[in-house]
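An overview of the molecular structure
Each chain, letter by letter, is given below.
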Amino acid sequence: MPDVVLPCLDEAAALPWVLSRMPAGYRAIVADNGSCDGSPALAAAFGATVVHATPRGFGAAAHAGLAAATADVVCFMDADGSFDPRQLPRVAEPVAAGTHDLLLGRRRPTRPGAWPVHGRLGNAVVAWRLRRTTGMVVHDLGPMRAARREALLALGLTDRRFGYPLEMMLRAAAAGWRIGEADVDYAPRAAGGRSKVTGSVRGTVRAVRDMSRVLAS
């Protein structure tokens, strides 16, 4: 069964709900990136495997979780409560079945405000550039995604900031991977927290800047 990498920075408000909804057999790996709110201890109390990731950066946390994974199929998902873990099979099962090499969860907001306009616009711009430069038919960078662990490690991903998910897609496309999308619900993150990317215009600009750097490299 798949491992699920959950990059984490101060997500104590969301972790109980997220970890309690993991599908049977899916192992949660919380990759903590310097939380100050007790997230690592809380995650361990809910049965998650906890790894500590440095330096500070989304990609550093995601890659530390990948390095700690042992399952054939590895999923990635935000730990902020915006995704329902019960929908992880939508991205994991096509990979396990061999029909896709990388399956991205295409976000479908469940209510107004779940995906702020500035976040949606930033994502659309990067996705458009991705389609134009690679021919990849994708509409979302898909924070919920799945692929095979050994193949992911072989990609040699180097970005340790917000460009990590995009670098994964670019290198996968260059390697001839079969890449697809599946609809997944996207809800407002858990009360008491704010997304590091879509929660502010500044966060979105920083993420787009990191991704633009990856596209230009």
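Placed above this text is the structure.
Everything quoted here is computed from the prediction, not taken from an experiment.

Right, let's get into the sheet that holds strand β7 (residues 179–186). Pairing within the open sheet is mixed, and its 7 strands lie in the order β3-β2-β1-β4-β6-β5-β7. Two strands close off the open sheet at either side, each with one partner strand: β3 (49–52) and β7. Between one strand axis and the next, the sheet turns by 25 degrees as a mean value, whatever way the strands run. Both strand β2 (residues 27–32) and β3 contribute to a ladder of 4 bridges, which runs parallel. Bridged to D32 within β3 is H52. Here helix α4 (residues 89–97) sits on the sheet and contacts β4 (73–76), β5 (102–109), β6 (145–148) and β7; the angle it forms with β6, its principal contact strand, is near 20 degrees.

A separate point is the environment of D101. Position of D101 among the secondary structure elements: in the loop between α4 and β5. Considered as a pair, D101 and I179 are 78 residues apart in the sequence and their alpha carbons are 6.1 Å apart. Among all residues touching D101, those that are not within four sequence positions of it are V95, A146, A147, R148, W177 and R178. Separated by 2.7 Å, the side chain of D101 and the backbone nitrogen of R178 make a polar contact.

So, on to the environment of I29. Summarising the element assignment, I29 is placed in strand β2. Placed 22 residues apart in sequence, I29 and P7 show a C-alpha to C-alpha distance of 8.4 Å. I29 has contacts with D3, V4, V5, L6, T49, V51, G65, A68 and A69, leaving out every residue within four places of it along the chain.

Now for the nonpolar core. Counting 31 residues, the largest nonpolar core has F76, L102, L152, M168, M169, W177 and I179 as the members making the most contacts within it. Secondary structure elements with two or more residues in this core: β2, α3 (58–68), β4, β5, α5 (117–134) and α7 (164–174). Sorting elements by how many residues they give to this core places α7 first, with 6 residues. When near neighbours in sequence (up to four residues on either side) are disregarded, W177 contacts D101, L102, A147, A151, L152, L155 and A172. In terms of nonpolar packing, the next biggest core, distinct from the first, is built from 29 residues, A14, A28, V73 and V91 among them.

Turning next to the packing of aromatic side chains. This model, assessed by the stated rule, comprises 3 aromatic pairs. A centroid spacing of 5.1 Å and a plane angle of 50 degrees characterise the contact between F83 and Y186, whose relative ring orientation is tilted. With F83 in the loop between β4 and α4 and Y186 in strand β7, the pair connects residues that are 103 residues apart, well separated along the chain. In this pair, the class of F83 matches that of Y186, namely buried. Ring centres of W115 and Y186 lie 5.6 Å apart, and the angle between their planes is 70 degrees; on these two criteria the pair is classed as edge-to-face. Placement of W115 in the loop between β5 and α5 and of Y186 in strand β7 is noted, with a sequence separation of 71 residues between them. Each member of the pair W115 and Y186 is classed as buried. The rings of F83, W115 and Y186 are connected pair by pair, giving a single aromatic cluster. Taking NZ or CZ as reference, R107 lies 5.2 Å from the ring centre of Y186, over its face.

Conventions used here
- Residues numbered from 1 in each chain as written.
- Predicted model: local features only at pLDDT ≥ 70, side-chain atom pairs only at ≥ 80, totals over all residues.
- Heavy atoms only, no water.
- Pairing = 2+ DSSP bridges.
- Helix = DSSP H or I, 4+ residues; strand = E, 2+ residues; numbered from the N terminus.
- Axes fitted to C-alpha atoms, helices over the stretch in contact; angles between N-to-C directions.
- Contact = heavy atoms within 4.5 Å.
- Polar contact = N/O pair within 3.5 Å; in protein donor to acceptor, adjacent residues only side chain to side chain.
- Core = buried A, V, L, I, M, F, W, Y, C linked by side-chain atoms within 4.5 Å.
- Buried < 20%, exposed > 50% of the residue type's maximum accessible area, 1.4 Å probe, protein only.
- Phe/Tyr/Trp six-rings, centres within 6.5 Å; stacked < 30°, edge-to-face > 60°.
- Lys NZ or Arg CZ within 6 Å of the ring centre and 35° of its normal.

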